[in-house]
There are 2 protein chains.
Amino acid sequence: MAMTKKPVTGMKDMLPAEMQVRDYVIGLIKETYKGFGFTPMETPCVEHIENLCSKQGGDNEKLIFKILKRGEKLNLETAQSEQDLVDSGLRYDLTVPLARYYANNSSQLPTPFKALQVGSVWRAERPQKGRFRQFVQCDIDILGDPTNLAEIELILATTTLLGKLGFQQFKVRINDRAVLKAMADYCGFPEDAYDKVFIILDKMDKIGMEGVEKELLESGFAADCVEKYLGLFQAIEGEADPIDALNRQMAGGLDSQTAEGLKTIMDSAKAAAAAEFDIVFDPTLVRGMSYYTGTIFEVEMPEFGSSVAGGGRYDKMIGRFTGNETCACGFSIGFERIITILLEKGFTVPFQAEKKAFLVEKGMPADRLCQVLKEAKEERAGGTQVLVVTMNKNKKFQKEQLAKEGYQEFKEFFKK
Amino acid sequence: MAMTKKPVTGMKDMLPAEMQVRDYVIGLIKETYKGFGFTPMETPCVEHIENLCSKQGGDNEKLIFKILKRGEKLNLETAQSEQDLVDSGLRYDLTVPLARYYANNSSQLPTPFKALQVGSVWRAERPQKGRFRQFVQCDIDILGDPTNLAEIELILATTTLLGKLGFQQFKVRINDRAVLKAMADYCGFPEDAYDKVFIILDKMDKIGMEGVEKELLESGFAADCVEKYLGLFQAIEGEADPIDALNRQMAGGLDSQTAEGLKTIMDSAKAAAAAEFDIVFDPTLVRGMSYYTGTIFEVEMPEFGSSVAGGGRYDKMIGRFTGNETCACGFSIGFERIITILLEKGFTVPFQAEKKAFLVEKGMPADRLCQVLKEAKEERAGGTQVLVVTMNKNKKFQKEQLAKEGYQEFKEFFKK
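What you see as residue numbers is a count from 1 along each chain, following the sequence as written. To label them, take the chains in the order written and letter them from A, then take the ligands in the order written and number them from 1. The predicted nature of this model means local features are confined to residues of pLDDT at least 70 and side-chain atom pairs, given and counted, to a pLDDT of 80 or more, with totals for whole chains, interfaces and linings taken over all residues. Side-chain measures here rest on the full set of heavy atoms in the structure, leaving out hydrogens and waters.

**A closer look at the overall build of chain A**
Okay, step 1: Counting secondary structure elements, chain A contains 15 helices and 14 strands.
Okay, step 2: Sorting the 416 residues of chain A into buried and exposed places 57% on the buried side.
Okay, step 3: Counting every atom, chain A has about 18200 Å² of accessible surface; 47% of that belongs to carbon and sulfur.
Okay, step 4: For the charge count, each Lys or Arg is scored as positive and each Asp or Glu as negative, with His and the chain ends excluded. All charge positions are set by atom: Lys at NZ, Arg at CZ, Asp at CG, Glu at CD. Charge centroids of chain A, computed over 54 positive and 61 negative side chains, lie 11 Å from each other. Secondary structure counts use DSSP, requiring at least four H or I residues in a row for a helix and at least two E residues in a row for a strand, with both numbered from the N terminus. Relative accessibility decides the category of a residue: with a 1.4 Å probe and only protein chains considered, values under 20% of the type maximum give buried, values over 50% give exposed, and everything between is partly exposed. Accessibility throughout is a Shrake-Rupley quantity obtained with a 1.4 Å probe, and a residue counts as covered only by protein chains that appear here.

**Some remarks on the nonpolar core**
Okay, step 1: The set of buried Ala, Val, Leu, Ile, Met, Phe, Trp, Tyr and Cys residues whose side-chain atoms join them within 4.5 Å is what this entry labels a nonpolar core. Within the largest apolar cluster, 247 residues are counted, with the highest numbers of intra-cluster contacts made by Tyr 33, Phe 189 and Tyr 229 of chain A together with Tyr 33, Phe 189 and Tyr 229 of chain B.
Okay, step 2: The contact definition used throughout considers only heavy atoms, calling two residues in contact when any of these lie within 4.5 Å. The contact partners of Phe 189 of chain A, leaving out residues within four places of it in the chain, are Ala 184, Tyr 194, Val 197, Phe 221, Cys 225, Val 226 and Tyr 229 of chain A.
Okay, step 3: Met 11 and Trp 122 of chain A together with Val 46 and Ala 124 of chain B belong to the second largest nonpolar core, which has 18 residues in total.

**Side note on unusual backbone geometry**
Okay, step 1: Residues Thr 111 of chain A and Pro 112 of chain A are joined by a peptide bond in cis, for which omega reads -5 degrees.
Okay, step 2: For Pro 112 of chain A, the position within the fold is in the loop between α4 (95-105) and β5 (113-122).
Okay, step 3: You will see that Ala 251 of chain A, though not glycine, has its phi angle at about 55 degrees, which is positive.
Okay, step 4: You can see Ala 251 of chain A is positioned in the loop between α10 (242-249) and α11 (256-271).
Okay, step 5: Positive phi, normally seen in glycine, also occurs at Gln 169 of chain B, with a value near 50 degrees.
Okay, step 6: Of note, Gln 169 of chain B is situated in the loop between α5 (149-164) and β7 (170-176).

**Looking at helix α6 (residues 177-186) of chain B**
Residue and element names in this part refer to chain B.
Okay, step 1: Along α6, the positions that sit buried rather than exposed are Arg 177, Val 179, Leu 180, Ala 182, Met 183 and Ala 184.
Okay, step 2: For α6, the capping residue at the N-terminal end is Asp 176, with a side-chain oxygen 2.8 Å from the backbone nitrogen of Ala 178.
Okay, step 3: A positive phi of about 85 degrees marks Gly 188, the residue just after α6. What qualifies as a polar contact is a pair of N or O atoms within 3.5 Å, subject to a donor-acceptor requirement within protein and to the restriction that residues adjacent in sequence count only when both atoms come from side chains.

**Let's talk about the environment of Lys 263 of chain B**
All names here are of chain B.
Okay, step 1: Mapped onto the elements of the fold, Lys 263 is located in helix α11 (residues 256-271).
Okay, step 2: Classification of Lys 263 as buried rests on a relative accessible area of 18%.
Okay, step 3: A polar atom in the side chain of Lys 263 sits 3.4 Å from the side chain of Asp 241.

See below:
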């Protein structure tokens, strides 16, 4: 009876060496974020299919691992479509479940609620190198704080963590949906086409200004709108205060609350930072998810092309569950990308316990074995990791192998 | 657009207070088991359906959350049965995936491989109080060690952990499949009916000696077999050395390796224990899973009726994946039961960081806010958890709420 040895397509067995780094980073994440008053919480990995398919997840909704109904509820003969067969699915992010969680438990949670989640999510993406169908996300969210203090604390917590992991000179890009809209409005794009404009703008990184111009024109937008629009981006390039510069260009079209908010966030994050990084206003930053309503931000690292963390304000999502609007703002770390970068850098976990191996000759009598085990107990009580293992015939090879696992000290015990 | 607020049936939102205890216990588990040389590892939560349905999982195979095929592979029109619709499912335990993992990765793993897994598993059991359809299991397994050192280290590690969690005077019951078989053989039960006999014997706790007798007779077993069988259990009750007593009763029918093995395990575990517990030979211990091949053991606690941990030797399972037999022995903690007991006992996490709340008046100018944030940074760098939060109108109530969350110290910051 043959069984399948490989993990399911696109998923990954975690070997001890990687696990050690992952466990260390998760520990550091929890410790650092708890220092900022974030509280660990968890939702089930399985979520109602109707919540997952509520149009909050964008393209991720196409990638859901769906779970078959069970027992009487499953009726294959009368099933017309997929919908008749499934009642739940694996979560594709931690934000939709957080909204449900808050709706379900808000009476037992403080205001504001500073949530910390570290958990696996699943997306049935086309398998490709470095991308997995099960991966860990690590989110912090502040629910119920309408002030910029939320954005500031999220950015400080995330950048402090990245600093502790040894990252330096990274860049936080920040923008606001209100800026995106004001710019589109100022240039005369029709309001119902904003999302389309932003999707094209989002490609600026990849296709450049000319590419964006070409796509906007090809999409049928008026040439004068497009010209005016791109002119705005060009006009503020290199400006010391790009927010003021943009506002001047738009003849004061930027509302002062948005402009002041962005400045306060950037100034505070810089002034109170515990890590070396730069925070810059970037009017080309879009971020894909349609649920964002205000500020949006991303962390970029020179070591790694795309962003390693991202987030923003989403003041409308929770209200869809509760009926009462609850403002919310979150920052999510690309945990798997961080781990990949660390492993590529040859990162090793600091402050590891001492590791000793006790090699025990085969057939040792019980009373003698007890002595060995007692000695191991004493060492372990003192914080040393002790492996008690049967001595192989080829002791030299055995020790070499153990040395590779990090055992620095060996002690041999013989039958007599 | 209404969404569903409750978690899916039988699953649970983890509130901050419980999460704190869970995180602490998981940390302690990992630290303690690493002290014994166990290595953290992980498999994906999703597993091939053919592996899950390979008859290793017993009744759990009826409780699988099955995952729908995706894309072209899903053809609803030609699907005749459930099998045509699914290609994977959520793991119902950590043992079957471990066997696959070892088969897939053994060339990169040490021998013996001491695996430590903490992870969620899913079973679609009928919802009932205290039982959840997603729950955490915590397993240690030693693969590739045929000696009793494996059993001893598993028992020492598990009991050390329970001791660290404050449990005392619990009981480890131990038996061996070879004892079960020798007893059934000695009494003349037909070999192909052993499993049926053991399933009835397993109910001894609940239905007592008389109940077992009744069920054996009702199942059609010969009265003299049944009488002889129960006579064995009665004869050794209260004996100082029940293994010797049993062997005498069976006229030396117990093979000496099994008998000596059990004694060595018990003596060593007692002698080198880091916790207060009793370890006793119990010939009525069966353990449900058919994959066990040798020793079996369970931990019982007076505070909690049923077992809180269980395990045993399963030397045949890995070979079903690899074709090469690999001996294996494991011990699994009932993590959720432990958490339930701890919460009922009013357990609080020791050594918590100091928690301070900084209350900031609304509308504080950016430069003043920076000062507050810098002060928070200093405190955080020293290990204090600092919540920076906007001051509410009803400050007294706000502080009371924060005190409930564990904030012992408050500092107020005003606009000027």
